[in-house]
Amino acid sequence: MIVYFNEQFMDKEKVCISPDDRGFLFADGLYEVIRSYKGFLFRAKEHLNRLSYGAVHLKLGRTDFSELEEIAEELILRNGLELEDATIYAVASTFDPGPAEKKREKGIHIITIADTRWARCDLKTTALTPNVLANQAAVENGAQEAIFIRDGVMLEGTHSNFMAVFDNVLVTAPLSNYILGGITRKFIFELCASQNIRVEERPIFEKDIHLATEMMIVGTTTKVTSIVRMNGTLFRDGRPGPVARALQEAYNSEIEILNMG
Ligand code: PDD
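Starting afresh in each chain, residues are numbered from 1 along the sequence in its written order. Where local features are concerned, this predicted model is filtered to residues with pLDDT of at least 70; where side-chain atom pairs are given and counted, the filter is 80 or more; whole-chain, interface and lining totals use all residues. For side-chain calculations, the full set of non-hydrogen atoms in the structure is used, while hydrogens and water are omitted.

### Observations regarding empty space enclosed by the protein
Then comes step 1: The rule is simple: put a 1 Å grid over the protein atoms alone, call a set of points where a 1.4 Å probe fits but cannot get out a cavity, call an open set with protein on both sides within 12 Å along at least five of seven lines a pocket, and count a residue as lining if it has an atom within 4 Å of a point. Grid points are joined across faces, edges and corners, and a volume is the space filled by probe spheres set on the points. Scanning all chains against the criterion turns up one cavity of 30 Å³ or more.
Then comes step 2: Size it by volume and the largest cavity reaches roughly 50 Å³.
Then comes step 3: Arg35, Tyr37, Phe42, His47, Ile183, Thr184, Thr220 and Tyr251 are the residues that line the largest cavity.
Then comes step 4: When contributions to the lining of the largest cavity are tallied by element, the ones reaching two or more residues are strand 3 (34-37) and helix 6 (183-195).
Then comes step 5: Ten residue types, Ala, Val, Leu, Ile, Met, Phe, Trp, Tyr, Cys and Pro, are classed as nonpolar, four, Asp, Glu, Lys and Arg, as charged, and the remainder, Gly among them, as polar. Counted by class, the lining of the largest cavity contains four nonpolar, three polar and one charged residues.
Then comes step 6: Where each domain begins and ends follows an automated or database-derived domain assignment. Each of two domains, domain 1 (2-95) and domain 2 (99-260), supplies a minimum of three residues to the lining of the largest cavity. Secondary structure elements follow DSSP: runs of H or I of four or more residues count as helices, runs of E of two or more count as strands, with numbering from the N terminus.

### A short note on unusual backbone geometry
Then comes step 1: The backbone of Lys38 sits at a positive phi, close to 50 degrees, despite the residue not being glycine.
Then comes step 2: The residue Asp151 is not glycine, and still its phi comes out positive at about 50 degrees.
Then comes step 3: Here Asp151 shows up in the loop between strand 8 (145-150) and strand 9 (153-157).
Then comes step 4: The classification of residues rests on relative accessible area computed with a 1.4 Å probe and restricted to protein chains. Under 20% of the type maximum is buried, over 50% is exposed, and intermediate values are partly exposed. A residue is classified by how much of its surface remains accessible, and Asp151, at 73% relative accessible area, is exposed.

### A short note on the domain arrangement of the protein
Accessible area lost upon the coming together of the parts serves often as the stated size of an interface.
Then comes step 1: Domain annotation of the protein identifies domain 1 (2-95) and domain 2 (99-260).
Then comes step 2: Using only C-alpha atoms to locate each centre, domain 1 and domain 2 end up separated by 25 Å.
Then comes step 3: Contact definition: two residues touch when any of their heavy atoms are within 4.5 Å. Each partner contributes to the interface: domain 1 provides 21 residues, whereas domain 2 provides 23 residues.
Then comes step 4: Put simply, buried area is how much 1.4 Å-probe accessible surface two parts lose in total, over both of them, once they are put together. Summing both sides of the interface, domain 1 and domain 2 together bury roughly 2100 Å²; the carbon and sulfur share of this comes to 62%.
Then comes step 5: Broken down residue by residue, the surface that domain 1 buries against domain 2 is led by Tyr31, Tyr37 and Arg50, which jointly contribute 29%.
Then comes step 6: Salt bridge criterion: a side-chain nitrogen from Lys or Arg within 4 Å of a carboxyl oxygen from Asp or Glu. Between domain 1 and domain 2 we count two salt bridges in total.

### Thoughts on helix 2 (residues 44-58)
Then comes step 1: Multiplying 1.5 Å by the residue count of a helix minus one yields the expected span of that helix. Taking 1.5 Å per residue, 15 residues should reach 21 Å; helix 2 reaches 21 Å between its end C-alpha atoms and fits that length.
Then comes step 2: Immediately downstream of helix 2, the backbone of Lys59 shows phi near 55 degrees, a positive value.

### Observations regarding the environment of Thr63
Then comes step 1: Assignment of secondary structure puts Thr63 in the loop between helix 2 and helix 3 (67-78).
Then comes step 2: Placed 14 residues apart in sequence, Thr63 and Asn49 show a C-alpha to C-alpha distance of 9.0 Å.
Then comes step 3: Discounting residues that sit within four places of it in the chain, Thr63 has contacts with Ser52, Ala55 and Val56.

See below:
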C-alpha cells in the first residue's frame, strides 16, 4: 500500500511517526473521509475546505490543503483503486459498500445517548473518544448508531448527521458548534430542492420524536440510511419510509451521472 506522508509517497511500512507527535500524544489533529466513486472524488473541495476551517481553529499553522485533492487522486492510481469505490483517509483503501447497502435496504437500529463531547463538534478532530464509546454502547445494545442528545435535542450520530420527517418536512439540527457540518447533509438539501421535499433546520427534541414519520442518518459512509428501531422499540412499521427511499434513489442517480461525466 502506497501512502502519502509528509510530502512523500512511500510504502505504508516506511512511515515513522515520532512518539512526541502532538496528534499521537494529545489527539491534536484533524481528519477527513472523502469517498471515491470509481476514481471520482465526491465533493473533495468541500471536504478540504472543512479541513482548513478546522486547521484555523486548532491553530495548526497551515490552512491550505487544496493539494490533497491531487494527492488523493494520485494515491488511488498508485494503489490501483481507480475502478473501486474507495475511501480516502490520508491513505487510499478499499471500502466494501456491501454491508452498508444491506443496512440501507432494511434500516438500522439506534440508541440515544447523552452528548459528553466538547463544545466544538463543528471541528472534525481526531479526538473521538466520546464517539467511540457511544458507538460501542450502540453495538452492545444491538444497534448500529448512537444519536447524541444535548439539552433534550437529538443532534447527530457518532459518524453521521441525523434527520427526521415531520408533516412531510425533512428536519435536521441547525449548524452550530454542537454538530459537524456534514458534506452529505448539504448534498441532501440540494437533492431535496430537486425532489420538492421541504427542509427545515431546527432542533428535534427527543420528546417529540414519536410525532416523526421517518428518521434517518446521512454521511459519507452511510449515504442515506433509515432508522427503524430506537432504544429497542420498533419505530412506526419498522421499514424504511418513502422520503428516505426517494433520497436514496436521487443520491444514487446523481452519483451515476457524475461517474458518466
Ligand atoms: N464521519 N457527524 C459526525 C460526528 C461525523 O463523524 C460525520 C462523518 C458526519 C457526516 O459528515 P459527512 O457527510 O461530511 O461525511 C456527521 C465520517 C464519515 C467518519 O468519521 O467516518
